[in-house]
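Structural description and commentary
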Amino acid sequence: MPGSFYSRLGSTVVAAALLAAAVHAADALTPVQLQKVRHDHYHELGDAFKSVRDLTKADSPDFAALIASAEVIDKASVNQGQWFPQGTGPEAGKTRALPEVWSKPDEFLAAQKMFSDRAPKLLEAAKAKDLPGVQAAFKELGGACKNCHDTFRSPEEH
Amino acid sequence: MPESPTPDSVRVRVWDLPIRLFHWLMVALVGVAWWTAETGRLDWHRYCGYALLGLVSFRIYWGFAGSSTARFAQFLKGPRVILQYIKGQRTGTPGHNPLGALSVVVLLALLLAQIVFGLFAVDVDGIESGPLSIYVSFDGGRFAAELHEELFDVLLWLIGLHVVAIAYYVLIRKEDLIGAMLHGKRSFPRLPQQPVRFASAARLLVGVVLAALVTWLVIRAG
């Protein structure tokens, strides 16, 4: 039946168009916008690190605040792999992300894993109200940051 | 350029030991602070900053209570005297000349500002920070870090200008300013009208204790 054929074709076209639109919507951010998203994520992470550092200086820290910051860090350690879509390197605009992020994916993944392995320990120590544990976990985490930055982030410009 | 003592010239001690020690320790510490910052040795960078805070605190105290050549009231002059100095008129008082005095206070003030910015600074990762950064937000600390970086360039230019000025005095005017800052003595054609009055060891002790106290309080506040 021709009518049926055309109506099927029509709905197929509509479905394809909808799918393309959906894909396009998810992909709508430009590389520069994606860099900004990444930058904002790391800004939030830096803010959380500063909070932990400040809080651990107190004799009896605010553990609720510590847990909140440790959760931000823990979440970031799991999610950060998604902050580096293809095409958002130095070729797209100003960023300190080095091309090695994309050219050495296995090493980059290993560096991320070091972070995501260590971040839960900070959260656990914060939940256990274990201040020396928090301080030790924080120091370990700093090592994970440095480990990745040494290879995958360009030095600050002076 | 040592000037040979002739019957027409007298050697006078101008700079006391605290001023000379202050000067050269500051030179060394600014150098080490620069190097430790560039190479990411932030622990040592902080120690340099603390030591410089102590030094600058002492220098400010010495500018009010120290030997006559160290006192701000003695060497800070108004624009008229500075202009007269540039035109060639000498003051007859040993110590900083009216023009060099400007360089002294500007360098000292900027170094103090640089130290204060460093105390509040936070690095981009929120991991390294000055002790007083706990009193500001992450963004506030980042702003202090940016000022800390920008001001250092200004400081470097002024230090360069200072060195060029010293080179001019040493090479063109044949006045041994570097030797004077090392051994404290300078030659004058005749005895200066105003003798240098040196501060007592007790005053020095008070200054050292005060400077250490200021530094300790700042570190402890963090």
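Notes on the structure in this doc start here. (Residues numbered from 1 in each chain as written. Chains lettered and ligands numbered in written order. Predicted model: local features only at pLDDT ≥ 70, side-chain atom pairs only at ≥ 80, totals over all residues. Heavy atoms only, no water.)

Overview of the interface of chain A and chain B
Residue-level contacts link 16 residues of chain A with 19 residues of chain B. Surface buried jointly by chain A and chain B totals about 1400 Å² across both partners, of which 50% is contributed by carbon and sulfur atoms. Note that Asp125 of chain B and Arg153 of chain A form a salt bridge whose closest N and O atoms lie 2.9 Å from each other. At the level of secondary structure, the elements contributing two or more residues to the side of chain A that touches chain B comprise α2 (31–55) and α6 (131–152) of chain A. Sorting elements by how many residues they give to the side of chain A that touches chain B places α2 of chain A first, with seven residues. When the residues that make up the side of chain A that touches chain B are grouped by side-chain class, the tally is two nonpolar, five polar and nine charged. (Contact = heavy atoms within 4.5 Å. Buried area = accessible area lost by both parts, 1.4 Å probe. Salt bridge = Lys/Arg side-chain N within 4 Å of Asp/Glu carboxyl O. Helix = DSSP H or I, 4+ residues; strand = E, 2+ residues; numbered from the N terminus. Nonpolar A, V, L, I, M, F, W, Y, C, P; charged D, E, K, R; others polar.)

Remarks on unusual backbone geometry
Not every positive phi belongs to a glycine, and Lys129 of chain A is a case in point at roughly 55°. When you line up the elements, Lys129 of chain A lands in the loop between α5 (105–127) and α6. Even without a glycine there, the phi angle at Lys174 of chain B is positive, about 55°. Among the secondary structure elements, Lys174 of chain B is positioned in the loop between α6 (138–171) and α7 (177–183).

Details of the pattern of salt bridges
This model, assessed by the stated rule, comprises 10 salt bridges over all chains. One salt bridge connects Lys146 of chain A with Asp150 of chain A, and the closest N-O pair in it is separated by 2.9 Å. With Lys146 of chain A and Asp150 of chain A both in helix α6, this residue pair falls four residues apart, about one helical turn. Residues Lys146 of chain A and Asp150 of chain A agree in their burial class; the two are exposed. One salt bridge connects Arg46 of chain B with Glu128 of chain B, and the closest N-O pair in it is separated by 3.0 Å. (Buried < 20%, exposed > 50% of the residue type's maximum accessible area, 1.4 Å probe, protein only.)

What about a nonpolar patch on the surface?
A contiguous nonpolar surface patch, about 460 Å² in accessible area, is contributed by Val206, Leu210, Leu213, Trp216 and Leu217 of chain B. On the basis of relative accessibility, which here comes to 42%, the residue Val206 of chain B falls in the partly exposed class. (Patch = residues over 30% accessible without salt bridge, like charges linked within 9 Å, V, L, I, M, F, W, Y side chains within 5 Å. Areas by Shrake-Rupley, 256 points an atom, 1.4 Å probe, with all protein chains shown as cover.)

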